[in-house]
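Each chain, written out:
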Amino acid sequence: MELVLAWQGPVGAGRFPDAEAAIEALGAPGVYLRIKTYRNGRTVSYVGQSRNVLARIDQHLTAMLALQTPLRDGAGRTIFAGDAGARFAAYNDLAAASRAAAEEALRTRFYVALCDAAFAPERLDLVEGTLKARLEERVAAGAGLAACENVQGVPRDPFADIARIVQDTGALAAEDSEVVARALGAEPIRVDAVLVGAGHAE
(Lines give C-alpha, C1' and ligand atoms only; values in the text may rest on other atoms or scores of the structure.)
Protein backbone atom coordinates (compact mmCIF):
# COMPACT_ATOMS: atom_id res chain seq x y z
CA MET A 1 0.00 0.00 0.00
CA GLU A 2 1.19 3.49 -0.82
CA LEU A 3 0.45 6.22 1.71
CA VAL A 4 0.48 9.79 0.35
CA LEU A 5 1.19 12.65 2.73
CA ALA A 6 -0.47 15.84 1.47
CA TRP A 7 1.72 18.60 2.88
CA GLN A 8 0.36 22.08 3.51
CA GLY A 9 1.80 25.26 4.94
CA PRO A 10 3.98 26.77 6.04
CA VAL A 11 2.37 27.73 9.34
CA GLY A 12 4.07 29.70 12.07
CA ALA A 13 4.61 33.19 13.44
CA GLY A 14 3.34 35.60 10.80
CA ARG A 15 2.06 32.66 8.71
CA PHE A 16 -1.15 31.51 10.39
CA PRO A 17 -4.27 31.61 8.19
CA ASP A 18 -6.71 34.45 8.84
CA ALA A 19 -9.88 32.42 8.33
CA GLU A 20 -11.24 30.78 11.48
CA ALA A 21 -12.22 27.65 9.55
CA ALA A 22 -8.66 27.24 8.26
CA ILE A 23 -7.28 27.57 11.78
CA GLU A 24 -9.78 25.02 13.11
CA ALA A 25 -8.88 22.58 10.32
CA LEU A 26 -5.33 22.40 11.71
CA GLY A 27 -6.70 21.07 15.01
CA ALA A 28 -6.68 17.53 13.62
CA PRO A 29 -4.36 14.51 13.84
CA GLY A 30 -1.29 14.52 11.61
CA VAL A 31 2.47 14.78 11.29
CA TYR A 32 4.49 17.94 10.90
CA LEU A 33 7.93 19.02 9.78
CA ARG A 34 9.44 21.93 11.71
CA ILE A 35 12.12 23.83 9.82
CA LYS A 36 14.37 26.59 11.17
CA THR A 37 16.55 28.33 8.57
CA TYR A 38 19.63 30.36 9.44
CA ARG A 39 22.29 32.33 7.57
CA ASN A 40 24.20 30.56 4.79
CA GLY A 41 21.29 28.16 4.33
CA ARG A 42 21.91 26.31 7.62
CA THR A 43 18.75 24.33 8.34
CA VAL A 44 17.72 22.62 11.55
CA SER A 45 14.75 20.29 11.32
CA TYR A 46 12.37 18.28 13.50
CA VAL A 47 9.58 15.80 12.75
CA GLY A 48 6.65 15.28 15.09
CA GLN A 49 3.08 14.04 15.29
CA SER A 50 0.04 14.95 17.28
CA ARG A 51 -3.65 14.18 17.64
CA ASN A 52 -4.08 17.97 17.43
CA VAL A 53 -1.42 19.53 15.20
CA LEU A 54 -2.52 23.10 15.91
CA ALA A 55 -2.15 22.59 19.67
CA ARG A 56 1.29 21.04 19.16
CA ILE A 57 2.49 23.95 17.01
CA ASP A 58 1.22 26.29 19.72
CA GLN A 59 3.25 24.32 22.29
CA HIS A 60 6.43 24.63 20.22
CA LEU A 61 6.06 28.40 19.79
CA THR A 62 5.00 28.95 23.40
CA ALA A 63 8.07 27.04 24.64
CA MET A 64 10.36 29.22 22.50
CA LEU A 65 8.81 32.48 23.67
CA ALA A 66 8.77 31.32 27.31
CA LEU A 67 12.50 30.48 27.20
CA GLN A 68 11.78 26.80 27.84
CA THR A 69 13.67 25.41 24.86
CA PRO A 70 17.15 25.92 23.37
CA LEU A 71 17.55 28.96 21.14
CA ARG A 72 20.02 29.66 18.32
CA ASP A 73 21.47 32.83 16.88
CA GLY A 74 21.18 33.92 13.26
CA ALA A 75 24.02 31.59 12.25
CA GLY A 76 22.39 28.58 13.90
CA ARG A 77 24.70 28.37 16.91
CA THR A 78 23.04 27.45 20.21
CA ILE A 79 23.07 30.54 22.45
CA PHE A 80 20.56 29.52 25.10
CA ALA A 81 20.23 26.08 26.72
CA GLY A 82 16.56 26.35 27.68
CA ASP A 83 17.00 24.99 31.20
CA ALA A 84 16.18 26.69 34.51
CA GLY A 85 19.74 27.93 35.05
CA ALA A 86 19.83 29.57 31.64
CA ARG A 87 16.46 31.22 32.31
CA PHE A 88 17.60 32.69 35.62
CA ALA A 89 20.61 34.20 33.85
CA ALA A 90 18.38 35.44 31.02
CA TYR A 91 16.12 37.27 33.46
CA ASN A 92 19.05 39.65 34.07
CA ASP A 93 18.91 40.69 30.41
CA LEU A 94 15.32 39.92 29.54
CA ALA A 95 15.21 42.28 26.54
CA ALA A 96 18.02 40.40 24.78
CA ALA A 97 16.62 36.98 25.70
CA SER A 98 13.13 37.94 24.54
CA ARG A 99 14.53 39.30 21.28
CA ALA A 100 16.41 36.03 20.64
CA ALA A 101 13.25 34.02 21.39
CA ALA A 102 11.15 36.15 19.04
CA GLU A 103 13.74 35.83 16.27
CA GLU A 104 13.81 32.04 16.69
CA ALA A 105 10.00 31.87 16.54
CA LEU A 106 9.91 34.04 13.41
CA ARG A 107 12.39 31.83 11.54
CA THR A 108 10.45 28.64 12.40
CA ARG A 109 8.10 27.16 9.82
CA PHE A 110 5.79 24.15 10.19
CA TYR A 111 4.69 21.99 7.26
CA VAL A 112 1.69 19.81 8.07
CA ALA A 113 0.29 16.56 6.65
CA LEU A 114 -3.06 15.80 8.27
CA CYS A 115 -4.65 12.38 8.58
CA ASP A 116 -7.19 11.41 5.94
CA ALA A 117 -9.06 8.31 4.78
CA ALA A 118 -5.80 6.43 4.03
CA PHE A 119 -3.63 8.01 6.73
CA ALA A 120 -5.51 6.96 9.87
CA PRO A 121 -4.53 8.33 13.30
CA GLU A 122 -3.54 4.79 14.28
CA ARG A 123 -0.61 5.11 11.84
CA LEU A 124 0.84 8.28 13.36
CA ASP A 125 3.66 6.46 15.18
CA LEU A 126 4.64 4.53 12.06
CA VAL A 127 4.66 7.59 9.82
CA GLU A 128 6.46 9.76 12.36
CA GLY A 129 9.13 7.11 12.92
CA THR A 130 9.63 6.63 9.20
CA LEU A 131 9.96 10.36 8.54
CA LYS A 132 12.37 10.77 11.47
CA ALA A 133 14.57 8.00 10.14
CA ARG A 134 14.56 9.55 6.65
CA LEU A 135 15.45 12.95 8.09
CA GLU A 136 18.36 11.48 10.02
CA GLU A 137 19.59 9.67 6.91
CA ARG A 138 19.55 12.92 4.95
CA VAL A 139 21.44 14.80 7.65
CA ALA A 140 24.08 12.05 7.76
CA ALA A 141 24.34 12.05 3.96
CA GLY A 142 25.11 15.76 3.87
CA ALA A 143 21.96 16.74 2.00
CA GLY A 144 22.37 20.39 3.04
CA LEU A 145 20.79 19.87 6.45
CA ALA A 146 22.88 21.03 9.39
CA ALA A 147 21.12 19.09 12.12
CA CYS A 148 18.03 17.19 13.18
CA GLU A 149 16.86 18.09 16.66
CA ASN A 150 14.72 15.14 17.64
CA VAL A 151 15.40 11.83 15.95
CA GLN A 152 15.11 8.87 18.27
CA GLY A 153 13.77 5.37 18.05
CA VAL A 154 10.06 5.01 17.36
CA PRO A 155 8.74 1.45 17.16
CA ARG A 156 7.08 0.46 13.92
CA ASP A 157 3.67 -1.15 13.93
CA PRO A 158 4.31 -4.82 13.06
CA PHE A 159 0.88 -5.04 11.44
CA ALA A 160 1.29 -2.00 9.22
CA ASP A 161 0.49 -2.64 5.57
CA ILE A 162 2.20 0.47 4.23
CA ALA A 163 4.92 -0.33 1.69
CA ARG A 164 6.05 3.23 1.09
CA ILE A 165 5.29 6.85 1.90
CA VAL A 166 5.06 9.46 -0.85
CA GLN A 167 5.41 13.22 -0.37
CA ASP A 168 2.67 15.27 -2.08
CA THR A 169 3.78 18.92 -2.11
CA GLY A 170 1.33 20.07 -4.78
CA ALA A 171 -0.43 22.46 -2.37
CA LEU A 172 2.83 24.21 -1.44
CA ALA A 173 4.49 27.13 -3.16
CA ALA A 174 7.57 26.13 -5.19
CA GLU A 175 9.97 27.44 -2.55
CA ASP A 176 8.21 25.52 0.23
CA SER A 177 8.06 22.36 -1.87
CA GLU A 178 11.85 22.57 -2.16
CA VAL A 179 12.16 22.95 1.64
CA VAL A 180 10.19 19.75 2.25
CA ALA A 181 12.07 17.88 -0.49
CA ARG A 182 15.38 19.04 0.94
CA ALA A 183 14.47 17.70 4.38
CA LEU A 184 12.73 14.46 3.43
CA GLY A 185 13.82 13.82 -0.14
CA ALA A 186 11.64 13.76 -3.23
CA GLU A 187 11.71 9.99 -3.67
CA PRO A 188 9.20 7.70 -1.90
CA ILE A 189 10.25 6.31 1.48
CA ARG A 190 10.19 2.50 1.64
CA VAL A 191 8.83 1.66 5.07
CA ASP A 192 10.23 -1.87 5.22
CA ALA A 193 13.76 -0.56 4.57
CA VAL A 194 13.75 2.14 7.22
CA LEU A 195 15.97 1.63 10.26
CA VAL A 196 14.15 2.90 13.31
CA GLY A 197 15.77 2.79 16.71
CA ALA A 198 19.06 4.64 16.43
CA GLY A 199 19.16 7.62 18.72
CA HIS A 200 20.48 11.04 17.76
CA ALA A 201 21.71 13.90 19.87
CA GLU A 202 23.03 17.04 18.25
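Our structure's up above, just so we're on the same page.
Residues numbered from 1 in each chain as written. Predicted model: local features only at pLDDT ≥ 70, side-chain atom pairs only at ≥ 80, totals over all residues. Heavy atoms only, no water.

Draft legend 1. Just the side chain of Arg 134, in detail. Relative to the elements of secondary structure, Arg 134 occurs in helix H5 (residues 124-140). Once residues lying within four places of it in the same chain are set aside, the contact partners of Arg 134 are Leu 184, Gly 185, Glu 187, Pro 188 and Ile 189. (Helix = DSSP H or I, 4+ residues; strand = E, 2+ residues; numbered from the N terminus. Contact = heavy atoms within 4.5 Å.)

Draft legend 2. Here's a closer look at the nonpolar core. In terms of nonpolar packing, the biggest core is built from 25 residues, with Leu 5, Trp 7, Val 31, Leu 33 and Leu 131 touching the most fellow members. Breaking this core down by element, the ones donating at least two residues are strand E1 (2-11), strand E2 (30-37), strand E6 (108-114), H5 and helix H6 (174-184). The leading source of residues in this core is H5, at five residues. With residues up to four places along the chain from it excluded, the contact list for Val 31 reads Leu 5, Trp 7, Gly 48, Gln 49, Tyr 111, Val 112, Ala 113, Phe 119, Leu 124, Val 127, Glu 128 and Leu 131. If you look at the next biggest cluster of nonpolar residues, it comprises 21 residues, including Leu 61, Met 64, Leu 71 and Val 112. (Core = buried A, V, L, I, M, F, W, Y, C linked by side-chain atoms within 4.5 Å. Buried < 20%, exposed > 50% of the residue type's maximum accessible area, 1.4 Å probe, protein only.)

Draft legend 3. Looking closely at the pairing of E2. Across the eight residues of E2, seven count as buried, placing the element largely inside the fold. Two strands pair when backbone bridges link them, and E2 and strand E3 (residues 43-50) are joined in this way by eight bridges, in the antiparallel orientation. Residue Ile 35 lies in a different strand from E3, and its bridge partner there is Ser 45. The turn joining E2 and E3, which pair antiparallel and follow one another in sequence, is formed by five residues; a positive phi near 60 degrees is taken by Asn 40. (Pairing = 2+ DSSP bridges.)

Draft legend 4. Just helix H2 (residues 53-65), in detail. End to end, H2 covers 19 Å across 13 residues, agreeing with the expected 18 Å (1.5 Å per residue, within 8%). Looking only at H2, the buried set comprises Val 53, Ile 57, His 60, Leu 61, Ala 63 and Met 64. Down the axis of H2, the smallest arc covering the buried residues is 160 degrees, so these residues share one side. At its buried positions, H2 is contacted by E1, E2, E3, strand E4 (71-72), helix H4 (94-106) and E6. Two or three places before Leu 54, at the start of H2, stands the capping residue Asn 52, its side-chain oxygen 3.3 Å from that residue's backbone nitrogen. With its phi angle positive at about 60 degrees, Leu 67 sits one or two positions after the end of H2. (Expected span 1.5 Å × (residues − 1). Arc of directions from axis to C-beta. Polar contact = N/O pair within 3.5 Å; in protein donor to acceptor, adjacent residues only side chain to side chain.)

Draft legend 5. Examining the packing of H2 against H4 more closely. In contact at an axis separation of 8 Å, H2 and H4 are set at 155 degrees when each is read in the N-to-C sense. Between H2 and H4, the interaxial angle falls into the category roughly antiparallel. Taking contact as the criterion, the partners of Leu 61, Met 64 and Leu 65 in H2 are, on H4, Ala 101, Ala 102, Glu 104 and Ala 105. Residues of the contact of H2 with H4, tallied by class, amount to six nonpolar, no polar and one charged. (Axes fitted to C-alpha atoms, helices over the stretch in contact; angles between N-to-C directions. Parallel < 35°, antiparallel > 145°, perpendicular 65-115°, else oblique. Nonpolar A, V, L, I, M, F, W, Y, C, P; charged D, E, K, R; others polar.)

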